[in-house]
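What follows is the residue order along each chain.
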Amino acid sequence: MATPHTIAVAGKGGVGKTTTCGMIIDYLCKKKQGPVLVVDADANSNLNEVLGVEVETSLGQIREEMAQAELKGNVIPAGMTKADYAEFKFSSAIVEEDDYDMLVMGRTQGKGCYCYVNGVLKTQVDKYAKNYRYIVMDNEAGMEHVARGTLPRVNTLLLISDSSRRGVQAVARIADMVKEMELKYDSMGLIVNRAPGGILDDGVREEIEKHGLTLLGVLPQDEAVFRCDCDGQPSAKLPDNDAMKVALGKILDHLAL
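As the structure is a prediction and not an experimental result, all values here were calculated from the model.

Peer 1: Just to check I follow, could you spell out the environment of Tyr 27 for this structure?
Peer 2: Structurally, the position occupied by Tyr 27 is in helix H1 (residues 17-30). With relative accessibility at 12%, the residue Tyr 27 sits in the buried group. Once the C-alpha coordinates of Tyr 27 and Lys 245 are considered, the two residues, 218 residues apart in sequence, prove to be 8.4 Å apart.

Peer 1: Looking at this structure, I do not really get unusual backbone geometry. What am I missing?
Peer 2: Gly 34 connects to Pro 35 through a cis peptide bond whose omega is 0 degrees. Here Pro 35 lies in the loop between H1 and strand S2 (36-40). Phi angles above zero are rare outside glycine, and Glu 182 is one such case at about 55 degrees. Structurally, Glu 182 is set in the loop between helix H7 (165-180) and strand S7 (185-195). In the Ramachandran plot, Ala 256 falls in the positive-phi region, its phi being about 60 degrees despite a non-glycine side chain. Overall, the relative accessible area of 63% leaves Ala 256 in the exposed class.

Peer 1: How should the packing of helix H3 (residues 59-71) against helix H4 (residues 82-91) be read in this particular structure?
Peer 2: H4 packs onto H3 with a crossing angle of 140 degrees between their chain directions and a minimal axis gap of 10 Å. With respect to H4, the axis of H3 lies oblique. As H3 packs across H4, the resulting crossing turns out to be right-handed. Contact residues: Leu 59, Ile 62, Arg 63, Met 66 and Glu 70 in H3; Lys 82, Tyr 85, Ala 86, Lys 89 and Phe 90 in H4.

Peer 1: So what exactly am I meant to see when it comes to the side chain of Thr 19 here?
Peer 2: With respect to the helices, strands and loops of the structure, Thr 19 is situated in helix H1. In contact with Thr 19, not counting residues within four places along its chain, are Val 50, Val 225, Asp 229, Ser 235 and Met 244.

Peer 1: Honestly, the sheet that holds S2 in this entry has me stumped. Any pointers?
Peer 2: The pairing of strands in a sheet comes from backbone hydrogen bonds and takes either a parallel or an antiparallel form. With mixed pairing, the 8 strands of this open sheet are ordered in space as S3-S4-S2-S5-S1-S6-S7-S8. Of all the strands in the sheet, just strand S3 (95-96) and strand S8 (215-220) have a single pairing partner and so form its edges. Strand direction decides the pairing type here: S7 and S8, joined by 4 bridges, are parallel. Bridge pairing in S8 links Val 192 to Val 218.

Rules used in this analysis
Residues numbered from 1 in each chain as written. Predicted model: local features only at pLDDT ≥ 70, side-chain atom pairs only at ≥ 80, totals over all residues. Heavy atoms only, no water. Helix = DSSP H or I, 4+ residues; strand = E, 2+ residues; numbered from the N terminus. Buried < 20%, exposed > 50% of the residue type's maximum accessible area, 1.4 Å probe, protein only. Axes fitted to C-alpha atoms, helices over the stretch in contact; angles between N-to-C directions. Parallel < 35°, antiparallel > 145°, perpendicular 65-115°, else oblique. Left-handed = near helix turned anticlockwise from the far one by under 90°. Contact = heavy atoms within 4.5 Å. Pairing = 2+ DSSP bridges.

Okay, here's the thing in structure tokens:
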């Protein structure tokens, strides 16, 4: 299979980034663009809940369990090296669905563990990448994983903001950071979420232009998504005629994903 098209989604917490990411995955699967490798690299995102997927463990949890076992003197199974055993354990973290598979980074405890588990995530992504047409990664606002080269290359970098001036200012800082770190990507654009009536305020539009951001489209404030969040239901599984899904679908159609 050819090199996968990688989509990285980023934005500060609370703007609907993970909901948008989940709907992008749903869009790709329904367009028969799979298989898709989903990477949840935001320790606070709960992307699996948006998708309606049970995740039994994360790379961080496995790392922590192995560290605790080592402290207790538990031995590695006979005939396996420590590296082989670690690879065996980490391979069990992938969640397999019909059209996509999912890796969750998660958190670990203790000094330096974040760097370690990030390295594990990169190794797992590198190992699996060639088997997929798309990789979709949900990132923290700091773009930690893109900066560390966790993805082979970012083809499409999507910045998500809410429909406020402050939201745009926050996402503009992420865009500046991407450029300062000289991260490699083919295209970068902004999607504004939660706009009342799906209409962007003129003042917010001015703010976007001021920062030189490429506006890809606007998503409406969506009562159905709000209800999913309140009721603990997977918003990615809302009907295809849901207002946010329809608006996002038009943006993704235009991007020719």
